[in-house]
Amino acid sequence: MSHEQLPTDRPAVVTVGLPYANGDLHVGHLLGYVSGDLYARALRRTGQQTAFVCGSDMHGTPIAVNAAKQGREPEEFALEYHEQYTETFPAFNVEFDNYGHTHDETNTELTQAFVEHWIEGGHVIEKEIEVAYDVETDEPLPDRYVEGTCPYCGERARGDECDEGCQRHLEPGEIDDPVSVTTGNPAEYRERPHKFLRLSDFQEYLRGFLDRLEGTEKARNQPREWIEGELEDLCITRDMDWGIDYPDEREELVLYVWVDAPIEYVASTKQYTERVGPEVYDWEAVWKPGGERRPGTTWDDAWTDESGEIIHVIGADIIQHHCVFWPAMLRGAGYNEPRAVIATGFVGIDGKSLSTSRNRAIWATEYLETGFHPDLFRYYITTGSAVEHDVDFSWDRFAERVNGELVGTLGNFCYRALLFAERTYGGTPEAALGEEARDRIADAIEDVEQAVREYDVRKIAESAVTLAQFGNEYIQRHEPWNLVDDEPETAARVIRDCVQLAKACAVLMQPVMPGKADELWAQLGEDGDVSEVALEEALAAPAATFGEPAELFEQVDDEAVEQLTEQLRSRVADEPKEEGEPDESDETMTDPLADDRISFEQFQEMDMRVGEIVSADPIEGADELVRLAVDIGVETRQVVAGLKQLHDVEALPGTRVVLLANMEKAELFGVESDGMVLAAGEEADLLTTHADAPLGARIR
Ligand SMILES: [Zn+2]
């Protein structure tokens, strides 16, 4: 069974993973919020009724731990960040229809109702489990109060997730060698009764769900292996005060933060309906089943697409929560399942992983202080790579993309087209729209509709620049300035086409650059709000008159880039800024293991040889590059490698390395690089051999 093609005539909701109210927002977070906002706007443009909702995640141990350290109440602590987020998002043109938080009444009531449903359905069981206790203080240590070793991969892990290793969710009692995060005392495991959601009840259902699920590839495929074999029960209670009470007054337990957090998606949609009225937007039409469930049918039979469209945008680190736990939670409470999950990649900084503890990050407030328009950031971050891949942020690249694509292509085309039209005709010349321009615009509309169906955020974001590229080529090809006197009719038609193309750019760029789209819309003399027009409006006749246009974008100058790059480099500390401070939002760029296997033949295509560095010289003018001569037995290769910052260049000669000999040649700073030296991780740890394989020996 598969979903009806988007847009459907049912309401949709787009959500983004809740920000955890425990720290400032940085560009790594903003990738998700901007992508979600862009997607919701684009979906609306295709004619789908869409709500865009989110809220702050207020519960859980990191907030409790950090609030206690400051001697404050967790609620007050988390609310402060919540307030901050409600100001930061609009500053980046991220406009939620509703933004709540998990500690509010709507979410509290709804969460307890969910759990009561599971209890009634027989999906909740009680088990005695081992819970970590601080040996000296005698306090229970749930989740992130404890750290230790991952039992699956052996990496250092947090109490509830293997954040640096295999990314698995960890159940209480699973982590090895537990130690208290707050006191550093060793922890011991004691038996305590806890409540569990029996996930194995949903195993069959989840198989069908993953078959139907749309979205990015990783989100659809990675969970398949997690649901092979019997699913582990999910512990839904914790020994804590901070959280939503388990709905049985005899129990002194709160619900696990991952129970009430996703339910905020539902609660926030409900609050939106309460504000605008069900005749405007009906949250139940989205979240509650519309069709009849026949008793005795299989899970797949019982699935119906008579419900609304639920689309989640999340980070790749919380796929298991959204593609395994969450659909089971919804199913167990009688709610609809997600239609699609879009998992975004991580954001790197200057080619390295973003690290909040090292202050290697661009903070939201920092970007806003530069005075650059938020739309520039939105464009850069959503077009830097496909939505599910990692994207690198550097000020150099930012300037390059803004100056080239936004100033040079999009801005330049709209300005010259409108300026010529205004000077010559006082607005849109009287002429029919030409076939070529009409076809190009129609194709662009279709491409965006297709990209919406394929959850291709980058393609949506690129569409206006792509069309403007054609516009520049079109205007150049026809040279209307040479036609005005001799062929006035042709000139009028060409300019009419160009005004239409500029209008189409305004419509197409609205999801990614809503502020700039407004500006262009006003310059075009159009009435109304460009955020409310359908994609087809790109082909509607432009306004007959408009005033003199202004440049849409400003050049980012070299000096600003240098200053910002320097500011970033100088403050990136080699050591964590505050020792012992739990670093909740430290996203490592450790990629999850690749899903796709390669054949032995494919491996053999890589000709890797043992080599030895003979000489190493810094390349003038390049911050990181070194020219290496590498002896690989049969010959000596010249290789350019980014080792200057990370290694003592003078100590490199004599080092044994592994060289990819059939790497295609490249030229960097005018120096040819003939091969690639292999290195691991962001510190460029050079690969070597441990015995005495001769130079030139092949790696196999
Ligand atoms: Zn692990």
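The structure contained in this document is the topic of the report that follows. Since the model is a prediction, treat every value here as computed from it, not as a measurement. (Residues numbered from 1 in each chain as written. Predicted model: local features only at pLDDT ≥ 70, side-chain atom pairs only at ≥ 80, totals over all residues. Heavy atoms only, no water.)

Some points on the overall build of the chain
And step 1. Looking only at helices and strands, one finds 19 helices and 26 strands in the chain.
And step 2. For 700 residues, the compact-globule estimate of 2.2 N^0.38 gives 27 Å, and the C-alpha radius of gyration of the chain, at 28 Å, lies within 12% of that figure.
And step 3. By its C-alpha atoms, the chain is 90 × 75 × 50 Å across when sized along the principal axes.
And step 4. Looking at the chain as a whole, 54% of its 700 residues are labelled buried.
And step 5. Of all intrachain contacts in the chain linking residues separated by at least 6 positions in sequence, the fraction that spans at least 24 positions is 74%.
And step 6. Split by element, the accessible area of the chain, about 30,400 Å² in all, is 43% carbon and sulfur.
And step 7. The centroid of the 59 positive side-chain charges in the chain is displaced by 4 Å from the centroid of its 146 negative side-chain charges. (Helix = DSSP H or I, 4+ residues; strand = E, 2+ residues; numbered from the N terminus. Rg over C-alpha atoms; globule rule 2.2 N^0.38 Å. Buried < 20%, exposed > 50% of the residue type's maximum accessible area, 1.4 Å probe, protein only. Contact = heavy atoms within 4.5 Å. Areas by Shrake-Rupley, 256 points an atom, 1.4 Å probe, with all protein chains shown as cover. Lys, Arg positive; Asp, Glu negative; His and termini not counted. Charge placed at Lys NZ, Arg CZ, Asp CG, Glu CD.)

Some words on the layout of surface pockets
If a probe the size of a water molecule is rolled over the atoms, the empty space left behind becomes visible.
And step 1. A volume near 1,300 Å³ is recorded for the second largest pocket.
And step 2. Where the lining of the second largest pocket is concerned, the elements lending two or more residues are β16 (352-353), α18 (558-571), β20 (636-642), β22 (666-668), β24 (676-677) and β25 (679-680).
And step 3. Each residue belonging to the lining of the second largest pocket can be placed in one class, and the counts come to 21 nonpolar, nine polar and twelve charged. (1 Å grid on protein atoms, 1.4 Å probe; cavity = no way out; pocket = protein on both sides within 12 Å on 5 of 7 lines; lining within 4 Å. Points joined across faces, edges and corners; volume = space filled by probe spheres on them. Nonpolar A, V, L, I, M, F, W, Y, C, P; charged D, E, K, R; others polar.)

Observations regarding the nonpolar core
And step 1. In terms of nonpolar packing, the biggest core is built from 178 residues, with Y39, F114, W118, W287, F393, F398 and L410 touching the most fellow members.
And step 2. With sequence-adjacent residues up to four places away left out, F114 is seen in contact with I263, V266, W326, M329, L330, A333 and Y335. (Core = buried A, V, L, I, M, F, W, Y, C linked by side-chain atoms within 4.5 Å.)

Some points on the packing of aromatic side chains
And step 1. As enumerated under the stated definition, the model contains 32 aromatic pairs in all.
And step 2. Considering the side-chain rings of F92 and F377, the 5.6 Å spacing of their centres and the 70° angle between planes classify their relative orientation as edge-to-face. Of the two residues, F92 sits in the loop between α3 (74-91) and β3 (98-101) while F377 sits in helix α12 (residues 374-383), which places them 285 residues apart along the sequence. For the pair F92 and F377, a shared accessibility class is recorded, and that class is buried.
And step 3. For the pair Y380 and F393, a centre-to-centre distance of 5.0 Å together with 65° between the ring planes defines the contact as edge-to-face. (Phe/Tyr/Trp six-rings, centres within 6.5 Å; stacked < 30°, edge-to-face > 60°.)

Some details on a negative patch on the surface
And step 1. Together, D396, D557, D558, E559, E562 and E566 make up a negatively charged patch on the protein surface.
And step 2. For the negative patch, the element with the highest residue contribution is α18, accounting for four residues.
And step 3. Here E566 shows up in helix α18. (Patch = residues over 30% accessible without salt bridge, like charges linked within 9 Å, V, L, I, M, F, W, Y side chains within 5 Å. Salt bridge = Lys/Arg side-chain N within 4 Å of Asp/Glu carboxyl O.)

A word on the pattern of salt bridges
And step 1. Inspection of every chain in the model, using the stated rule, returns 43 salt bridges.
And step 2. R192 is the partner of D239 in a salt bridge, and the nearest nitrogen-oxygen pair spans 2.3 Å. Placement of the pair is D239 in the loop between β11 (237-238) and β12 (254-255) and R192 in strand β8 (residues 187-197), with a sequence separation of 47 residues.
And step 3. You can call R192 partly exposed: its relative accessible area is 27%.
And step 4. Residues joined in a network through salt bridges with shared partners are E4, R10, E214, E309 and R339.

Let's talk about the sheet that holds strand β19 (residues 625-631)
And step 1. Spatially, β20-β19-β18-β21-β24 is the arrangement adopted by the five strands of the open sheet, whose pairing is antiparallel. Two strands in the sheet have a free side with no partner beyond their single neighbour: β20 and β24.
And step 2. Across seven bridges, β19 lies against β20 in antiparallel orientation. By the bridge assignment for β20, V626 is matched with A641. (Pairing = 2+ DSSP bridges.)

Here's the deal with helix α13 (residues 395-425)
And step 1. Largest kink in α13: about 40°, centred on N412.
And step 2. G426 sits one or two positions beyond α13 and adopts a positive phi of about 70°. (Bend = angle between axes of the 7 residues up to and from the residue.)

Focus: the environment of W326
And step 1. Looking at the secondary structure, you find W326 in helix α10 (residues 319-332).
And step 2. W326 sits eleven residues away from E337 along the chain, and the two C-alpha atoms are 8.5 Å apart.
And step 3. Setting aside residues no more than four positions away along its own chain, W326 makes contact with F114, P262, I263, Y265, V266, W287, H312, H321 and P338.

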